[in-house]
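Summary of structural features
Letter by letter, the chains look like this.
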Amino acid sequence: MNQPVRQTATSTQAWNKAQQIIPGGVNSPVRAFRSVGGSPPFISSAQGSRVNDIDGNSYIDYVGSWGPMILGHAASEVIAALQSAMQNGTSYGAPTELEIELADLVIEAVPSIEMVRMVNSGTEATMSAIRLARGYTEREKIIKVEGCYHGHADYLLAKAGSGITTFGLSDSAGVPEDFARLTLTIPFNNAEAARRTIVANADQVACLILEPIAGNMGVIPPQDGYLEQLKEITAEYGVVLIFDEVMTGFRVAPGGAQELYGVTPDITCLGKIIGGGLPVGAYGGRREIMSCVAPGGEVYQAGTLSGNPLAMSAGIATLNTLKDSTVYQQLEVTSAALAEGIQAITQKYQIPCHHSRVGSMLSCFFTDKTVTDFATAKTSDTELFAGYFWGLLNQGIYIAPSQFEAAFVSTAHSETDIDTTIKVADRVLSAL
Ligand SMILES: *Cc1c(COP(=O)(O)O)cnc(C)c1O
(Lines give C-alpha, C1' and ligand atoms only; values in the text may rest on other atoms or scores of the structure.)
Protein backbone atom coordinates (compact mmCIF):
# COMPACT_ATOMS: atom_id res chain seq x y z
CA MET A 1 0.00 0.00 0.00
CA ASN A 2 1.38 3.39 -0.99
CA GLN A 3 1.95 5.70 1.91
CA PRO A 4 0.98 9.28 1.17
CA VAL A 5 3.79 11.76 1.56
CA ARG A 6 2.46 14.71 3.51
CA GLN A 7 3.43 18.17 2.26
CA THR A 8 4.15 20.76 4.94
CA ALA A 9 6.02 23.73 3.44
CA THR A 10 3.16 26.21 3.15
CA SER A 11 1.82 25.46 6.64
CA THR A 12 5.30 25.83 8.07
CA GLN A 13 5.51 29.28 6.51
CA ALA A 14 2.11 30.26 7.89
CA TRP A 15 3.11 28.88 11.30
CA ASN A 16 6.23 31.04 11.42
CA LYS A 17 4.18 34.13 10.59
CA ALA A 18 1.36 33.25 13.02
CA GLN A 19 3.73 32.84 15.93
CA GLN A 20 4.96 36.40 15.46
CA ILE A 21 1.57 38.05 15.70
CA ILE A 22 -0.74 35.63 17.56
CA PRO A 23 0.28 34.35 21.02
CA GLY A 24 1.67 30.85 20.48
CA GLY A 25 0.45 31.09 16.88
CA VAL A 26 -3.08 30.05 17.80
CA ASN A 27 -6.37 31.38 19.11
CA SER A 28 -6.86 28.39 21.43
CA PRO A 29 -3.87 26.64 23.04
CA VAL A 30 -4.38 22.96 22.20
CA ARG A 31 -4.29 23.77 18.47
CA ALA A 32 -0.57 24.49 18.83
CA PHE A 33 0.35 20.76 19.04
CA ARG A 34 2.61 21.42 22.05
CA SER A 35 1.89 18.05 23.66
CA VAL A 36 2.80 16.06 20.55
CA GLY A 37 5.59 18.34 19.33
CA GLY A 38 5.90 19.79 15.83
CA SER A 39 3.58 22.29 14.19
CA PRO A 40 -0.02 22.13 12.97
CA PRO A 41 -1.29 22.05 9.41
CA PHE A 42 -3.24 25.18 8.46
CA ILE A 43 -6.71 24.30 7.24
CA SER A 44 -8.13 25.83 4.09
CA SER A 45 -11.43 23.99 3.74
CA ALA A 46 -13.48 21.08 4.98
CA GLN A 47 -16.23 18.97 3.49
CA GLY A 48 -18.06 15.99 4.93
CA SER A 49 -15.65 13.81 6.90
CA ARG A 50 -12.57 15.58 5.55
CA VAL A 51 -10.46 18.61 6.28
CA ASN A 52 -7.97 19.96 3.74
CA ASP A 53 -4.82 21.92 4.50
CA ILE A 54 -3.06 24.71 2.62
CA ASP A 55 -0.28 22.30 1.64
CA GLY A 56 -2.69 20.24 -0.46
CA ASN A 57 -3.14 17.34 2.01
CA SER A 58 -6.55 15.92 2.84
CA TYR A 59 -7.37 14.17 6.11
CA ILE A 60 -10.21 12.07 7.49
CA ASP A 61 -11.15 14.27 10.43
CA TYR A 62 -12.01 13.03 13.93
CA VAL A 63 -11.59 16.41 15.60
CA GLY A 64 -14.78 17.83 14.13
CA SER A 65 -13.88 21.31 15.37
CA TRP A 66 -13.60 19.71 18.85
CA GLY A 67 -17.18 18.48 18.85
CA PRO A 68 -19.65 20.65 16.98
CA MET A 69 -19.52 19.04 13.54
CA ILE A 70 -21.75 16.03 14.16
CA LEU A 71 -23.16 16.32 10.62
CA GLY A 72 -19.69 16.58 9.12
CA HIS A 73 -18.25 19.71 7.55
CA ALA A 74 -20.23 22.07 5.33
CA ALA A 75 -23.40 20.00 5.76
CA SER A 76 -25.81 21.06 3.02
CA GLU A 77 -28.67 21.75 5.47
CA VAL A 78 -26.51 24.08 7.53
CA ILE A 79 -24.99 25.90 4.57
CA ALA A 80 -28.42 26.48 3.03
CA ALA A 81 -29.76 27.85 6.32
CA LEU A 82 -26.81 30.20 6.65
CA GLN A 83 -27.04 31.42 3.07
CA SER A 84 -30.68 32.19 3.51
CA ALA A 85 -30.23 33.85 6.92
CA MET A 86 -27.39 36.13 5.90
CA GLN A 87 -29.51 37.77 3.20
CA ASN A 88 -31.53 39.26 6.05
CA GLY A 89 -28.62 40.87 7.86
CA THR A 90 -26.17 39.37 10.30
CA SER A 91 -27.00 40.93 13.67
CA TYR A 92 -29.73 43.16 15.09
CA GLY A 93 -29.34 43.14 18.87
CA ALA A 94 -33.10 42.70 19.11
CA PRO A 95 -35.37 39.69 19.60
CA THR A 96 -35.97 37.33 16.68
CA GLU A 97 -38.20 34.33 16.08
CA LEU A 98 -35.07 32.30 15.34
CA GLU A 99 -34.18 32.49 19.04
CA ILE A 100 -37.56 31.04 19.97
CA GLU A 101 -37.15 28.28 17.42
CA LEU A 102 -33.76 27.16 18.75
CA ALA A 103 -34.91 27.46 22.38
CA ASP A 104 -37.91 25.26 21.51
CA LEU A 105 -35.69 22.63 19.89
CA VAL A 106 -33.44 22.55 22.96
CA ILE A 107 -36.31 22.37 25.45
CA GLU A 108 -38.01 19.63 23.45
CA ALA A 109 -34.88 17.49 23.43
CA VAL A 110 -33.22 18.05 26.81
CA PRO A 111 -35.29 16.55 29.64
CA SER A 112 -34.41 19.02 32.43
CA ILE A 113 -34.58 22.31 30.51
CA GLU A 114 -37.72 24.40 30.86
CA MET A 115 -36.15 27.76 30.00
CA VAL A 116 -32.91 28.48 28.19
CA ARG A 117 -30.65 31.51 27.63
CA MET A 118 -28.36 31.64 24.58
CA VAL A 119 -24.77 32.86 24.87
CA ASN A 120 -21.76 32.75 22.52
CA SER A 121 -19.57 29.94 23.86
CA GLY A 122 -19.41 27.05 26.27
CA THR A 123 -17.23 29.15 28.55
CA GLU A 124 -19.93 31.79 28.80
CA ALA A 125 -22.54 29.13 29.47
CA THR A 126 -20.71 27.62 32.45
CA MET A 127 -19.67 31.04 33.85
CA SER A 128 -23.25 32.19 33.70
CA ALA A 129 -24.64 28.95 35.12
CA ILE A 130 -22.34 29.24 38.12
CA ARG A 131 -23.23 32.87 38.71
CA LEU A 132 -26.86 31.82 38.54
CA ALA A 133 -26.33 28.99 41.03
CA ARG A 134 -24.58 31.38 43.39
CA GLY A 135 -27.29 34.00 43.01
CA TYR A 136 -30.05 31.46 43.48
CA THR A 137 -28.56 29.79 46.57
CA GLU A 138 -26.84 32.90 47.99
CA ARG A 139 -23.79 30.71 48.61
CA GLU A 140 -20.25 31.21 47.33
CA LYS A 141 -18.34 27.93 47.10
CA ILE A 142 -18.47 25.63 44.11
CA ILE A 143 -17.40 22.04 43.62
CA LYS A 144 -15.80 20.92 40.40
CA VAL A 145 -14.59 17.51 39.39
CA GLU A 146 -10.92 16.91 38.58
CA GLY A 147 -10.21 16.56 34.87
CA CYS A 148 -13.53 18.05 33.81
CA TYR A 149 -13.17 21.16 31.69
CA HIS A 150 -15.73 23.92 31.74
CA GLY A 151 -14.08 26.68 29.76
CA HIS A 152 -11.60 29.24 30.99
CA ALA A 153 -13.39 31.26 33.69
CA ASP A 154 -11.01 32.08 36.56
CA TYR A 155 -12.52 29.87 39.21
CA LEU A 156 -12.95 26.91 36.83
CA LEU A 157 -9.30 26.47 35.95
CA ALA A 158 -8.53 24.30 38.96
CA LYS A 159 -7.64 20.79 37.75
CA ALA A 160 -9.38 21.41 34.46
CA GLY A 161 -8.40 18.62 32.07
CA SER A 162 -7.54 18.81 28.33
CA GLY A 163 -5.56 21.95 27.51
CA ILE A 164 -4.47 22.29 31.10
CA THR A 165 -3.63 18.60 31.42
CA THR A 166 -1.85 18.65 28.14
CA PHE A 167 0.35 21.52 29.26
CA GLY A 168 0.94 20.07 32.69
CA LEU A 169 -0.25 23.27 34.36
CA SER A 170 -2.03 22.69 37.62
CA ASP A 171 -3.60 26.09 37.29
CA SER A 172 -3.38 29.29 35.27
CA ALA A 173 -1.36 32.39 36.02
CA GLY A 174 -3.52 35.43 36.54
CA VAL A 175 -6.13 33.72 38.72
CA PRO A 176 -6.29 35.36 42.17
CA GLU A 177 -5.94 32.83 44.97
CA ASP A 178 -9.07 34.25 46.52
CA PHE A 179 -11.07 33.15 43.47
CA ALA A 180 -9.54 29.68 43.34
CA ARG A 181 -10.14 29.34 47.08
CA LEU A 182 -13.88 29.16 46.49
CA THR A 183 -13.47 26.19 44.14
CA LEU A 184 -13.31 22.77 45.80
CA THR A 185 -12.23 19.83 43.65
CA ILE A 186 -13.13 16.16 43.93
CA PRO A 187 -12.27 13.10 41.81
CA PHE A 188 -14.58 11.85 39.05
CA ASN A 189 -16.65 8.72 39.71
CA ASN A 190 -16.39 9.20 43.47
CA ALA A 191 -19.75 10.06 45.02
CA GLU A 192 -18.37 9.58 48.52
CA ALA A 193 -15.90 12.44 47.97
CA ALA A 194 -18.78 14.62 46.82
CA ARG A 195 -20.72 13.81 49.97
CA ARG A 196 -17.76 14.46 52.25
CA THR A 197 -17.02 17.80 50.62
CA ILE A 198 -20.61 18.94 50.69
CA VAL A 199 -21.05 17.91 54.32
CA ALA A 200 -17.81 19.62 55.35
CA ASN A 201 -19.02 22.83 53.69
CA ALA A 202 -22.70 22.58 54.51
CA ASP A 203 -24.69 25.71 53.62
CA GLN A 204 -21.72 27.15 51.72
CA VAL A 205 -21.75 25.20 48.46
CA ALA A 206 -23.74 26.81 45.66
CA CYS A 207 -23.27 24.12 43.04
CA LEU A 208 -21.54 21.00 41.90
CA ILE A 209 -20.55 21.14 38.23
CA LEU A 210 -19.30 18.23 36.16
CA GLU A 211 -19.29 16.69 32.72
CA PRO A 212 -21.71 13.77 33.21
CA ILE A 213 -19.57 11.86 30.72
CA ALA A 214 -16.06 13.23 31.03
CA GLY A 215 -14.74 14.20 27.62
CA ASN A 216 -11.92 16.60 28.37
CA MET A 217 -9.56 14.12 30.02
CA GLY A 218 -10.33 11.64 27.26
CA VAL A 219 -13.70 9.88 27.33
CA ILE A 220 -14.60 8.48 30.75
CA PRO A 221 -18.20 7.34 31.30
CA PRO A 222 -19.83 7.68 34.70
CA GLN A 223 -19.88 4.42 36.66
CA ASP A 224 -23.21 2.82 37.50
CA GLY A 225 -25.06 4.91 40.05
CA TYR A 226 -22.57 7.78 40.15
CA LEU A 227 -24.85 10.43 38.64
CA GLU A 228 -27.83 9.20 40.66
CA GLN A 229 -25.83 9.50 43.87
CA LEU A 230 -24.67 13.01 42.99
CA LYS A 231 -28.27 13.98 42.35
CA GLU A 232 -29.35 12.58 45.71
CA ILE A 233 -26.58 14.27 47.72
CA THR A 234 -26.93 17.67 46.04
CA ALA A 235 -30.71 17.62 46.47
CA GLU A 236 -30.33 16.74 50.14
CA TYR A 237 -28.06 19.73 50.82
CA GLY A 238 -29.68 22.28 48.50
CA VAL A 239 -26.68 22.29 46.16
CA VAL A 240 -27.46 23.11 42.52
CA LEU A 241 -26.38 20.23 40.28
CA ILE A 242 -24.95 21.47 36.98
CA PHE A 243 -24.33 19.10 34.09
CA ASP A 244 -21.91 20.62 31.64
CA GLU A 245 -23.19 19.00 28.45
CA VAL A 246 -21.37 21.37 26.11
CA MET A 247 -19.72 18.30 24.57
CA THR A 248 -22.32 15.58 25.25
CA GLY A 249 -25.49 17.55 24.46
CA PHE A 250 -26.94 16.24 21.16
CA ARG A 251 -23.76 14.13 20.87
CA VAL A 252 -24.51 10.95 22.82
CA ALA A 253 -28.29 11.41 22.42
CA PRO A 254 -30.44 14.43 21.56
CA GLY A 255 -30.97 15.02 25.27
CA GLY A 256 -27.32 14.37 26.08
CA ALA A 257 -26.02 12.27 28.97
CA GLN A 258 -29.08 13.11 31.07
CA GLU A 259 -31.28 11.36 28.52
CA LEU A 260 -28.87 8.44 28.17
CA TYR A 261 -28.54 7.80 31.92
CA GLY A 262 -31.93 9.08 33.03
CA VAL A 263 -30.57 11.51 35.63
CA THR A 264 -31.56 15.16 35.40
CA PRO A 265 -29.57 18.12 36.75
CA ASP A 266 -30.90 21.48 37.93
CA ILE A 267 -28.98 23.42 35.27
CA THR A 268 -27.54 22.20 31.97
CA CYS A 269 -24.83 23.91 29.94
CA LEU A 270 -24.77 23.44 26.20
CA GLY A 271 -22.57 24.59 23.32
CA LYS A 272 -20.72 23.03 20.40
CA ILE A 273 -23.39 21.07 18.44
CA ILE A 274 -26.25 23.49 19.19
CA GLY A 275 -24.39 26.15 17.19
CA GLY A 276 -23.85 23.91 14.18
CA GLY A 277 -20.27 25.19 13.86
CA LEU A 278 -21.00 28.81 14.75
CA PRO A 279 -20.21 30.35 18.15
CA VAL A 280 -23.10 29.41 20.45
CA GLY A 281 -23.50 28.32 24.05
CA ALA A 282 -26.57 28.03 26.22
CA TYR A 283 -27.60 27.38 29.78
CA GLY A 284 -30.99 26.25 30.89
CA GLY A 285 -32.90 24.46 33.57
CA ARG A 286 -35.86 24.61 35.85
CA ARG A 287 -38.11 27.64 35.42
CA GLU A 288 -37.77 28.57 39.06
CA ILE A 289 -33.98 28.85 38.79
CA MET A 290 -33.83 30.38 35.30
CA SER A 291 -36.28 33.08 36.39
CA CYS A 292 -33.45 34.54 38.50
CA VAL A 293 -31.63 35.64 35.33
CA ALA A 294 -31.83 39.33 34.35
CA PRO A 295 -33.95 41.15 33.37
CA GLY A 296 -36.61 39.07 35.17
CA GLY A 297 -34.30 38.32 38.06
CA GLU A 298 -31.23 39.74 39.71
CA VAL A 299 -28.44 37.61 38.25
CA TYR A 300 -26.92 39.69 35.46
CA GLN A 301 -25.77 38.21 32.17
CA ALA A 302 -25.81 39.77 28.70
CA GLY A 303 -24.28 39.61 25.20
CA THR A 304 -24.17 41.90 22.15
CA LEU A 305 -24.14 38.95 19.77
CA SER A 306 -26.10 36.47 21.91
CA GLY A 307 -28.87 34.81 19.90
CA ASN A 308 -27.17 35.96 16.70
CA PRO A 309 -29.37 35.14 13.69
CA LEU A 310 -26.65 33.31 11.74
CA ALA A 311 -25.68 31.24 14.77
CA MET A 312 -29.32 30.46 15.56
CA SER A 313 -29.94 29.41 11.94
CA ALA A 314 -26.98 27.03 11.90
CA GLY A 315 -28.12 25.58 15.22
CA ILE A 316 -31.72 25.16 14.09
CA ALA A 317 -30.67 23.41 10.87
CA THR A 318 -28.38 21.08 12.81
CA LEU A 319 -30.88 20.15 15.52
CA ASN A 320 -33.66 19.65 12.97
CA THR A 321 -31.44 17.29 11.00
CA LEU A 322 -30.62 15.38 14.20
CA LYS A 323 -34.33 14.75 14.78
CA ASP A 324 -34.17 11.97 12.20
CA SER A 325 -34.30 8.95 14.50
CA THR A 326 -31.84 6.96 12.38
CA VAL A 327 -29.01 9.46 12.93
CA TYR A 328 -27.91 8.20 16.33
CA GLN A 329 -28.26 4.57 15.25
CA GLN A 330 -26.00 5.24 12.31
CA LEU A 331 -23.48 7.05 14.52
CA GLU A 332 -23.50 4.12 16.93
CA VAL A 333 -22.79 1.59 14.18
CA THR A 334 -20.00 3.63 12.60
CA SER A 335 -18.40 4.53 15.93
CA ALA A 336 -18.57 0.95 17.23
CA ALA A 337 -16.90 -0.30 14.06
CA LEU A 338 -14.08 2.21 14.50
CA ALA A 339 -13.58 1.48 18.20
CA GLU A 340 -13.64 -2.29 17.72
CA GLY A 341 -11.23 -2.04 14.81
CA ILE A 342 -8.69 -0.06 16.81
CA GLN A 343 -9.11 -2.27 19.84
CA ALA A 344 -8.40 -5.38 17.78
CA ILE A 345 -5.16 -3.78 16.55
CA THR A 346 -3.87 -2.80 19.99
CA GLN A 347 -4.62 -6.35 21.13
CA LYS A 348 -2.85 -7.82 18.11
CA TYR A 349 0.33 -5.86 18.85
CA GLN A 350 -0.12 -6.20 22.63
CA ILE A 351 -0.06 -2.47 23.19
CA PRO A 352 -1.47 -1.63 26.63
CA CYS A 353 -4.55 0.42 25.93
CA HIS A 354 -7.79 1.29 27.69
CA HIS A 355 -10.54 1.86 25.12
CA SER A 356 -13.61 3.85 26.00
CA ARG A 357 -16.58 5.02 24.00
CA VAL A 358 -20.00 6.49 24.53
CA GLY A 359 -21.83 6.79 21.21
CA SER A 360 -19.78 8.82 18.76
CA MET A 361 -17.16 10.03 21.23
CA LEU A 362 -14.22 7.74 21.91
CA SER A 363 -10.71 7.50 23.31
CA CYS A 364 -7.85 5.09 23.55
CA PHE A 365 -5.68 5.67 26.58
CA PHE A 366 -2.26 4.10 26.21
CA THR A 367 -2.15 2.61 29.68
CA ASP A 368 -2.57 -0.83 31.27
CA LYS A 369 -4.81 0.73 33.96
CA THR A 370 -8.58 0.87 33.86
CA VAL A 371 -9.32 4.55 33.37
CA THR A 372 -12.07 5.82 35.66
CA ASP A 373 -10.86 9.28 36.66
CA PHE A 374 -8.21 11.93 36.13
CA ALA A 375 -5.52 10.11 38.12
CA THR A 376 -5.86 6.91 36.10
CA ALA A 377 -6.13 8.85 32.80
CA LYS A 378 -2.81 10.48 33.62
CA THR A 379 -1.05 7.09 33.76
CA SER A 380 -1.22 7.10 29.93
CA ASP A 381 1.98 7.00 27.91
CA THR A 382 1.83 10.39 26.18
CA GLU A 383 4.99 9.72 24.17
CA LEU A 384 3.44 6.63 22.67
CA PHE A 385 0.38 8.73 21.95
CA ALA A 386 2.50 11.35 20.18
CA GLY A 387 3.96 8.64 17.93
CA TYR A 388 0.47 7.36 17.18
CA PHE A 389 -0.79 10.86 16.48
CA TRP A 390 1.99 11.72 14.01
CA GLY A 391 1.78 8.36 12.32
CA LEU A 392 -1.92 8.91 11.70
CA LEU A 393 -1.57 12.53 10.63
CA ASN A 394 1.21 11.79 8.17
CA GLN A 395 -1.00 9.17 6.57
CA GLY A 396 -4.11 11.30 6.30
CA ILE A 397 -5.95 10.73 9.58
CA TYR A 398 -6.52 13.78 11.78
CA ILE A 399 -7.21 13.17 15.47
CA ALA A 400 -6.86 15.67 18.30
CA PRO A 401 -3.21 16.36 19.18
CA SER A 402 -3.58 15.20 22.78
CA GLN A 403 -4.04 11.95 24.65
CA PHE A 404 -6.67 13.68 26.75
CA GLU A 405 -9.19 14.52 24.05
CA ALA A 406 -12.08 12.60 22.53
CA ALA A 407 -12.30 11.55 18.91
CA PHE A 408 -15.63 12.44 17.30
CA VAL A 409 -17.40 10.50 14.56
CA SER A 410 -19.89 12.37 12.38
CA THR A 411 -22.77 11.25 10.17
CA ALA A 412 -20.51 12.09 7.21
CA HIS A 413 -18.01 9.35 8.11
CA SER A 414 -18.54 6.47 5.69
CA GLU A 415 -17.74 2.80 6.07
CA THR A 416 -14.82 3.41 3.72
CA ASP A 417 -13.54 6.20 5.97
CA ILE A 418 -13.63 3.83 8.93
CA ASP A 419 -11.92 1.00 7.01
CA THR A 420 -9.21 3.37 5.81
CA THR A 421 -8.68 4.67 9.34
CA ILE A 422 -8.35 1.16 10.75
CA LYS A 423 -5.86 0.15 8.05
CA VAL A 424 -3.73 3.22 8.70
CA ALA A 425 -3.92 2.71 12.47
CA ASP A 426 -2.73 -0.88 11.99
CA ARG A 427 0.28 0.31 10.00
CA VAL A 428 1.05 3.01 12.56
CA LEU A 429 0.65 0.84 15.65
CA SER A 430 2.65 -2.03 14.14
CA ALA A 431 5.61 0.35 13.84
CA LEU A 432 5.41 1.85 17.35
C1 LIG B 1 -15.70 22.81 24.90
C2 LIG B 1 -16.20 22.76 26.26
C3 LIG B 1 -16.41 23.92 27.02
C4 LIG B 1 -15.99 25.27 26.55
O5 LIG B 1 -16.66 25.70 25.43
P6 LIG B 1 -16.04 26.91 24.57
O7 LIG B 1 -17.07 27.12 23.50
O8 LIG B 1 -14.73 26.40 24.08
O9 LIG B 1 -15.88 28.06 25.47
C10 LIG B 1 -17.01 23.81 28.25
N11 LIG B 1 -17.37 22.61 28.73
C12 LIG B 1 -17.18 21.47 28.04
C13 LIG B 1 -17.62 20.17 28.62
C14 LIG B 1 -16.57 21.50 26.80
O15 LIG B 1 -16.35 20.36 26.14
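Treat the numbers as computed from the prediction; the structure is a model and nothing was measured.

This paragraph deals with the packing of aromatic side chains. Under the definition given, this model contains 10 aromatic pairs. With a centroid separation of 5.4 Å and an interplanar angle of 70 degrees, the aromatic rings of Phe188 and Tyr226 are classed as edge-to-face. Remark: Tyr226 occurs in helix 8 (residues 226–236) and Phe188 occurs in the loop between strand 6 (183–186) and helix 7 (191–200); sequence separation between them is 38 residues. A relative accessible area of 2% means that Tyr226 is categorised as buried. Aromatic side chains Phe385 and Tyr388 sit 6.4 Å apart centroid to centroid with 65 degrees between the ring planes, which places their arrangement in the edge-to-face category. Here the residue Phe385 and the residue Tyr388 both occupy positions in helix 14 (residues 382–394), the gap between them amounting to 3 residues, near one helical turn. Accessibility assignment for this pair places Phe385 and Tyr388 in one class, buried.

Turning our eyes to something else, we now look at the nonpolar core. Residues Tyr62, Leu338, Tyr388, Phe389, Leu392 and Ile399 are the most contacted members of the largest nonpolar core, which totals 37 residues. The greatest single-element share of this core, amounting to 7 residues, is contributed by helix 14. When near neighbours in sequence (up to four residues on either side) are disregarded, Tyr388 contacts Ile342, Cys364, Phe366, Ile399, Ala425, Val428, Leu429 and Leu432. Ile70, Ala109, Val116 and Phe250 belong to the second-largest nonpolar core, a separate cluster that totals 33 residues.

Domain boundaries assigned for the protein yield domain 1 (9–70 + 325–431) and domain 2 (76–321). The distance between the C-alpha centroids of domain 1 and domain 2 comes to 25 Å. Counting from both sides, the interface comprises 30 residues of domain 1 and, opposite them, 35 residues of domain 2. Contact between domain 1 and domain 2 buries roughly 2,500 Å² in total, counting both sides, with carbon and sulfur atoms accounting for 70%. Broken down residue by residue, the surface that domain 1 buries against domain 2 is led by Val358, Met361 and Phe374, which jointly contribute 26%. Across the contact surface, domain 1 and domain 2 share 8 residue pairs in polar contact (both at pLDDT 80 or more). At the level of elements, helix 12 (326–348), strand 11 (354–358), strand 12 (361–365) and helix 13 (374–377) are the ones that each hand at least two residues to the side of domain 1 that touches domain 2. With 4 residues, the top contributor of residues to the side of domain 1 that touches domain 2 is strand 12. Residues belonging to the side of domain 1 that touches domain 2 are distributed by class as follows: 19 nonpolar, 7 polar and 4 charged.

Our focus in this paragraph is helix 14. The end-to-end C-alpha separation of helix 14 is 18 Å, in line with the 18 Å expected for 13 residues at 1.5 Å each. Every buried residue belonging to helix 14 is among Phe385, Ala386, Tyr388, Phe389, Trp390, Gly391, Leu392 and Leu393, and all of these are buried. Among the structural elements, strand 3 (58–61), helix 12, strand 12, strand 13 (397–398) and helix 15 (415–430) are those in contact with the buried residues of helix 14. Between the side-chain oxygen of the N-cap and the backbone nitrogen of Glu383 there are 3.1 Å, and the N-cap of helix 14 in question is Asp381. One or two residues past the end of helix 14 sits Gly396, with phi positive at roughly 90 degrees.

What counts and how
Residues numbered from 1 in each chain as written. Predicted model: local features only at pLDDT ≥ 70, side-chain atom pairs only at ≥ 80, totals over all residues. Heavy atoms only, no water. Phe/Tyr/Trp six-rings, centres within 6.5 Å; stacked < 30°, edge-to-face > 60°. Helix = DSSP H or I, 4+ residues; strand = E, 2+ residues; numbered from the N terminus. Buried < 20%, exposed > 50% of the residue type's maximum accessible area, 1.4 Å probe, protein only. Core = buried A, V, L, I, M, F, W, Y, C linked by side-chain atoms within 4.5 Å. Contact = heavy atoms within 4.5 Å. Domains from an automatic or database assignment. Buried area = accessible area lost by both parts, 1.4 Å probe. Polar contact = N/O pair within 3.5 Å; in protein donor to acceptor, adjacent residues only side chain to side chain. Nonpolar A, V, L, I, M, F, W, Y, C, P; charged D, E, K, R; others polar. Expected span 1.5 Å × (residues − 1).

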